[in-house]
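# Summary of the model geometry
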Amino acid sequence: PPVRRASWRSPAGGWRLEACCGGECRARGLQEMRYEVTQTGQEDKLKAFLCWLEDEDATVHPHLQVATVPQSRRDQIAANGASTPCAGLRGVVAVGPIAKDEVLVNIPDDLVLMSHNSSIGEELLQLGFPDPLDDPCKGQRKREVRLNQEALVMAVMAEARLGQHSRWGPYLAVLPALGGNEESYQQHLPLLWTYKQLQWLKGTSCKRKLDGVAHREAELPALVEDMRKEFVEPFFRDWPPPGSKADKRSLVEEHTHTSCLVCAYSFTLGDVEVPAMVPFWDFLNHRSPEKANVRLFHCEDSNTLQMIATRNIAANEEVFNTYGP
């Protein structure tokens, strides 16, 4: 029978990444490819995250590997006229063949971080935030869309402050951290990119939002300062509760950083467009729809969010999602 690994709160000293992610097949695949497994300070966090996924009944295909994009691809991107944000660009690769229609990732619905299932879900409703599962009121859609996004920002702030006491602690730990190496800190946060780096996102909905073309007043990154003054500062002045960890850093920096995370990493789910942070889904890099090799799907039978291969994926091939045409 399979041996249950130690939980993320106390990982076993002899725990091996290969044991959690596919054993000998994965190790053999890594030797044949030019991707490097994420190392240094992020390695332990990545191990804890993958172990946490397993403990929470999420599944990841044994042929998937989180890795650092090789220099050859970074050079190719630069040759196409765009500047890569960072030398340590992360992605997901296949270390073995994956067949069309195979499920690559299963994330239980309740493992998705949304404002209403966060540690401050009830408090957010009391503050006047709309229920994100309700349809926006007629004539109030822009305001409610932005409030729903801000509610998620505040939820992520709260869970980050709770640290290891948060259910999503291992997930938030693998996202860019405030106060880290400047280059590493900025690589996944488009709000902090230069104009030249933003050209890397040309044609995507993310780029249009950052340019202010789409829903300027309705979506992040609009109104960050207004939301901070109206909701964030009054709420977090006396928060968090006893036993949690409150960092001494500036609330302005903390809120700006978390707004960047939500803007760069969140997904919009369902017909009512609920903003959400979906573990592992956000590890994938972007390609245009015709070049992406997975699709995202909600399975009502199993109550999971699934990532499904849209074609056969060869060993050593990067796995791409699409974040807009």
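Nothing here was measured: the structure is a model prediction, and the numbers come from that model.

### With respect to the confidence of the model for the protein
Of the residues in the protein, 65% have a pLDDT of 70 or more, and the chain-wide mean is 74. Every residue in residues 1–40 scores below 50 in pLDDT, and together they form 72 contacts with partners more than four places removed in sequence or on other chains. Here residues 80–88 is modelled with pLDDT under 50, and outside its nearest four sequence neighbours on either side it reaches 21 contacts, counting other chains as well.

### Some thoughts on the nonpolar core
Ranked by size, the top nonpolar core spans 61 residues in total, and within it Phe 49, Ile 107 and Phe 280 carry the most contacts. For this core, the leading source of residues is helix H6 (residues 141–162), giving nine residues. Among residues more than four places away in sequence, those in contact with Phe 49 are Pro 170, Tyr 171, Val 174, Pro 279, Phe 280 and Phe 283.

### Some remarks on H6
Helical periodicity: at 3.6 residues per turn, an α-helix aligns residues three or four positions apart in one direction. Here H6 contains 22 residues, and its C-alpha end-to-end distance of 32 Å stays within 8% of the 32 Å for a straight helix at 1.5 Å per residue. Burial of H6 is extensive: 18 of the 22 residues sit out of reach of the surface. Two residues or fewer past H6, Gly 163 is found with a positive phi of approximately 60°.

### Focus: the environment of Phe 283
Looking at the element boundaries, Phe 283 is found in the loop between strand E7 (274–276) and strand E8 (285–286). With a relative accessible area of 2%, Phe 283 lands in the buried category. If sequence neighbours within four positions are ignored, Phe 283 has contacts with Leu 46, Phe 49, Val 66, Arg 90, Gly 91, Val 92 and Val 174.

### Looking at the environment of Trp 239
With respect to the secondary-structure elements, Trp 239 resides in the loop between helix H11 (224–236) and helix H12 (251–265). C-alpha separation for the pair Trp 239 and Arg 161, spaced 78 residues apart in sequence, amounts to 9.3 Å. If we skip the residues at most four places from it in the chain, Trp 239 touches Ile 120, Ala 158, Arg 161 and Leu 162.

About the thresholds
Residue numbers here run from 1 along each chain, matching the order of that chain's written sequence. The predicted origin of the model limits local features to residues at a pLDDT of at least 70 and limits the giving and counting of side-chain atom pairs to 80 or more, whereas totals for whole chains, interfaces and linings rest on all residues. Values shown for side chains rest on all heavy atoms present in the structure; no hydrogens or waters enter the calculation. Confidence of the predictor in every single residue is expressed as pLDDT, which spans 0 to 100. Residue contacts are defined here by distance: any two heavy atoms, one from each residue, within 4.5 Å place the two residues in contact. For this analysis, a nonpolar core means a set of buried residues of the types Ala, Val, Leu, Ile, Met, Phe, Trp, Tyr and Cys, connected via side-chain atoms within 4.5 Å. Think of it in three bands: with a 1.4 Å probe and only protein chains considered, a residue is buried below 20% of the maximum accessible area for its type, exposed above 50%, and partly exposed in between. In this text, helices come from DSSP runs of H or I with a minimum length of four residues, and strands from runs of E with a minimum of two, each type numbered from the N-terminal end. Between the first and last residue of a helix there are one fewer steps than residues, each counted as 1.5 Å, and that sum is the expected span.

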